[in-house]
Structures are given as C-alpha cells and as structure tokens.
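Geometric and topological summary
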Amino acid sequence: MEKPFVLLADDNEATCTLIMALLRHEFVVDVVHDGAEAIEKLKSRQYSALVLDLLMPVLDGYGVLDFVARERPEMLSHVLVVTASVSPREQGRMKDYPVCRVLTKPFEVEVLQTLVRQCAGIGNEPFFRGPIVSGGVLLLLADLLRRV
C-alpha cells in the first residue's frame, strides 16, 4: 500500500527532524522551511495533510492559510497547525480558518501522531506503539542529532 503524502512547513530544523522521524513510517513527508515554499509544494502535489507552523520567514503560516482558503478550500480541513504562538490575538485569527486542529508546542508525540492521522483522514490511533520519551526531550535529541 502506498503511503499518503504529508507536507510539513516549519522553519525550525529540530522540530522538522522530530516530526519527520515520528511520521516517516506511515507517511511520505515533504519538508519546507517557509510559507512560500509550502505554497509551491501545494501547487504541485496533493497532500493528505499539511502540518503548518505559523511563524516562518518569507511568508508566514497565515499567508499559507490564505492561499489554501482561496485556492484549495477543501484542504483546510486537513491542516494541523503546530505552533508555539497561541496568544489571544492568534486564537482570534485562527477562527477565520476551519482547520482540522491546532496543537501547541511543545507537544506530546502521541498526540501529534494521532492528530496527523485524523487530519489525513486515516484514523485516530497513533502509529507508534511502545515506550517513548516526552516531546520536549525528543526536540532536544533531534536538535543534537542535527548538529552532528
């Protein structure tokens, strides 16, 4: 069975390394580091889910959401926003976009896996089963691995 495609848009290398490691067994993960790159990828491929950070260079996550709402509105229900920015102002802005879910950083890995699966429309159970350390520790490990 062919793996579904997920687009990950985040400018933090450690976060990308962690999320890719968590999802690669079940998904083909394309990674971009700014919103403009995300839009180019969305123009060229159909994705089962979009994992989107809001604070990125060149074009932020809201610019990507504006593009999706305008050009591919059916995709909004497959967007998982993963961000550290959840101020009341940001929460108000997010109400304009009917995304699948919003997950705050740091996150628990099992929750991320479950939400990506839900947003991709393939179920509610996390792919990985077994003992796992917290998301914060995994982010630290991912950052250390990236530097090696």
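Residues numbered from 1 in each chain as written. Predicted model: local features only at pLDDT ≥ 70, side-chain atom pairs only at ≥ 80, totals over all residues. Heavy atoms only, no water.

Time to look at the pattern of salt bridges. By the definition in use, this model includes eight salt bridges. Residues Asp30 and Arg45 are paired through a salt bridge, measuring 2.8 Å at the closest nitrogen-oxygen approach. Taken as a pair, Asp30 in strand β2 (residues 28-32) and Arg45 in the loop between α2 (35-44) and β3 (49-52) lie far apart in primary sequence, 15 residues in all. Given the relative accessible area of 12%, Asp30 is considered buried. In this structure Arg45 comes out as partly exposed when scored by relative accessible area, which is 32%. Glu74 is paired through a salt bridge with Arg72; the nearest N and O atoms lie 3.6 Å apart. Residue classification places Arg72 among the buried residues on the basis of a relative accessible area of 12%. Through salt bridges that share partners, Asp10, Asp53 and Lys105 make up one connected network. (Salt bridge = Lys/Arg side-chain N within 4 Å of Asp/Glu carboxyl O. Helix = DSSP H or I, 4+ residues; strand = E, 2+ residues; numbered from the N terminus. Buried < 20%, exposed > 50% of the residue type's maximum accessible area, 1.4 Å probe, protein only.)

On to the pairing of strand β5 (residues 101-104). Inspection of the sheet shows strand β4 (residues 79-83) paired to β5 by four bridges, in the parallel sense. Among the inter-strand pairings, Val82 is bridged to a residue of β5, identified as Leu103. Between the parallel pair β4 and β5, the chain is carried across by helix α4 (residues 88-94), and the sense of this crossover is right-handed. (Pairing = 2+ DSSP bridges. Right-handed = clockwise from strand over helix to strand, strands pointing away.)

Of the residues in the protein chain, 83% reach a pLDDT of 70 or more, and the chain-wide mean stands at 86. Across residues 126-134 the pLDDT falls below 50, and counting only partners more than four positions away or on other chains, this stretch makes 16 contacts in the model. (pLDDT = per-residue confidence, 0-100. Contact = heavy atoms within 4.5 Å.)

Let's shift gears to helix α1 (residues 13-23). Among the residues of α1, those classed as buried are Ala14, Thr15, Cys16, Leu18, Ile19, Leu22 and Leu23. Where α1 begins, the capping side chain belongs to Asn12, and its oxygen is found 2.9 Å from the backbone nitrogen of Ala14. (Polar contact = N/O pair within 3.5 Å; in protein donor to acceptor, adjacent residues only side chain to side chain.)

Here we come to the pairing of strand β1 (residues 5-9). Of all the five residues making up β1, four are buried; the element is thus mostly covered by neighbouring parts of the structure. As paired elements, β1 and β2 share five bridges and run parallel to each other. What sits directly across from Ala9, in β2, is Val32. In this fold, the crossover linking β1 to β2 by way of α1 has right-handed handedness. Note that β1 and β3 share four bridges and pair parallel. Looking across to β3, one finds that Leu8 is bridged to Val51.

Running from N to C, α1 and helix α5 (residues 109-120) cross one another at 65 degrees; their axes reach a closest spacing of 10 Å. α5 is crossed by α1, and the crossing has right-handed handedness. Taken together, the residues of α5 that come into contact with α1 (itself represented by Leu18, Ile19, Leu22 and Leu23) are Val109, Leu112, Gln113 and Val116. (Axes fitted to C-alpha atoms, helices over the stretch in contact; angles between N-to-C directions. Left-handed = near helix turned anticlockwise from the far one by under 90°.)

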